[in-house]
Each structure stands twice: as structure tokens, then as C-alpha cells.
Amino acid sequence: NGGYVAMPDNQKFGLTNWTLQAWVYPDTLTNASLVIGRCVQSNVWNYSLGITTNGRIIGTFTPGDLTAHVAVTSLVALVPGTWANVAATFDSSSGILLIYVDGVVRGERRTEKRPAISGVGEIWTRAGEGFDGMMDEVAVYDWSLSAAQLQETMDGATAGGTLAPICYYRFEDG
């Protein structure tokens, strides 16, 4: 659909450890789309949570050495017309990149690489670019949530407490 939410230009979004989480309701799954991501220069991703053309969830980042993207894709596809909670986590100390669908690990990759957090040119963070459907409760955390923590946040991130995200969009404020 071409629309997206542009997030504030803020250094706090440059992350080496992260969790990206959202509820998505795809109307169609014919185009690749961005659920949420931060681009630090042309085609260089600090982090990205997206949906492929075949409806699978993909978590991606570009390593700081700018070699090939590090990515993991879910083993299951989303179903159009159905809500799903999707998430990607990366823990830089272990090098584990995980994909979750409805609170269950659906893809895993281990790597020695770490995300690029800066680049040359425009830096932007967006949610919903190219997505055809509805999104709710989009959250960015500056650490890798565990499976139990993701389960806890599936009913909505909180503005305070120990699991507070650095960014949270409810999309229901009118």
C-alpha cells in the first residue's frame, strides 16, 4: 500500500541486541513487506522484521563488516485474514537470531557477525512499509527477550516495569 510509520530519528534505535515484535493481520501476502526495521545506509540494516512474498517471517541484519545479510526465515507461513504475533530477537553475546510466530520459535540462526549500527547517508526506522493489512502493538526492545518474556508481552507491552520497550506503538489512540 506504500504507507508506513516513520519513527523519530534517535540514537536509541541503534541496537546491537534487540527484539522486534508486533501483531499483524495480513489482508494479502503477495508483496514482501517491512513490519519494522532500521536502515543505516542504502540496503544496510541494523535490524529488520519483515514478511516474504510467500508469507514467511524474516529477521535480518547487515553485519558491521558490510558482508552478506544475516537472516533467518520462519518455517511456517502466515495466513491472510488471521492475526499473528511475530517477533525477531538477536543476542549479540550468543550470536543467536530467532524468529517467533505466536510465541513459538519458528527459525534460528547462529552467527559470529554483529549488526551494523551506523552507516553513510540517511538513517531511518520505519514500521509497516509495503504491508497490506493491519498492525498493532509494534514494539522495539533493546535486548533479546526470552521465549517466556515474549509470551508475557504478547498481550501488550507496558509503559513501565521490567519489560518496557524503548518504542511502542499501539495504533489505537485515534
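First, a word on scope: everything that follows refers to the structure included in this document. (Residues numbered from 1 in each chain as written. Predicted model: local features only at pLDDT ≥ 70, side-chain atom pairs only at ≥ 80, totals over all residues. Heavy atoms only, no water.)

**Focus: the nonpolar core**
Ranked by size, the top nonpolar core spans 32 residues in total, and within it Trp18, Val24, Ile36, Leu49, Ile57, Leu78 and Val140 carry the most contacts. Mapped onto this core, the elements with two or more residues apiece are β2 (18-26), β3 (33-41), β4 (44-51), β5 (56-61), β6 (70-77), β7 (84-91), β8 (96-101) and β11 (133-141). Counting residues in each nonpolar core, the second largest holds eight residues, with Ile96, Leu98, Tyr100 and Tyr141 among its members. (Core = buried A, V, L, I, M, F, W, Y, C linked by side-chain atoms within 4.5 Å. Buried < 20%, exposed > 50% of the residue type's maximum accessible area, 1.4 Å probe, protein only. Helix = DSSP H or I, 4+ residues; strand = E, 2+ residues; numbered from the N terminus.)

**As for unusual backbone geometry**
A positive phi angle, close to 60°, is found at Asn43, a residue other than glycine. With respect to the helices, strands and loops of the structure, Asn43 is situated in the loop between β3 and β4. Take Asn43: its relative accessible area is 53%, and that puts it in the exposed class. A positive phi angle, near 50°, is found at Glu137, a position not held by glycine. Considering the arrangement of structural elements, one finds Glu137 in strand β11.

**Some details on the side chain of Ser48**
Structurally, Ser48 can be placed in strand β4. In this structure, Ser48 is in contact with Leu20, Leu34, Ile36, Gly37, Ile58, Gly59 and Thr60, ignoring residues within four places of it in sequence. (Contact = heavy atoms within 4.5 Å.)

**Looking at the sheet that holds strand β9 (residues 104-110)**
Read from one edge to the other, the open sheet built from six strands follows the order β9-β8-β7-β2-β11-β12, with strand pairing classed as antiparallel. Edge positions in the open sheet fall to β9 and β12 (167-169), since each of these has one partner strand only. Here the average twist between neighbouring strands, direction ignored, is 15°. Sheet analysis places β2 next to β11, joined by seven bridges and oriented antiparallel. Within β11, the residue paired with Leu20 across the bridge is Val140. (Pairing = 2+ DSSP bridges. Axes fitted to C-alpha atoms, helices over the stretch in contact; angles between N-to-C directions.)

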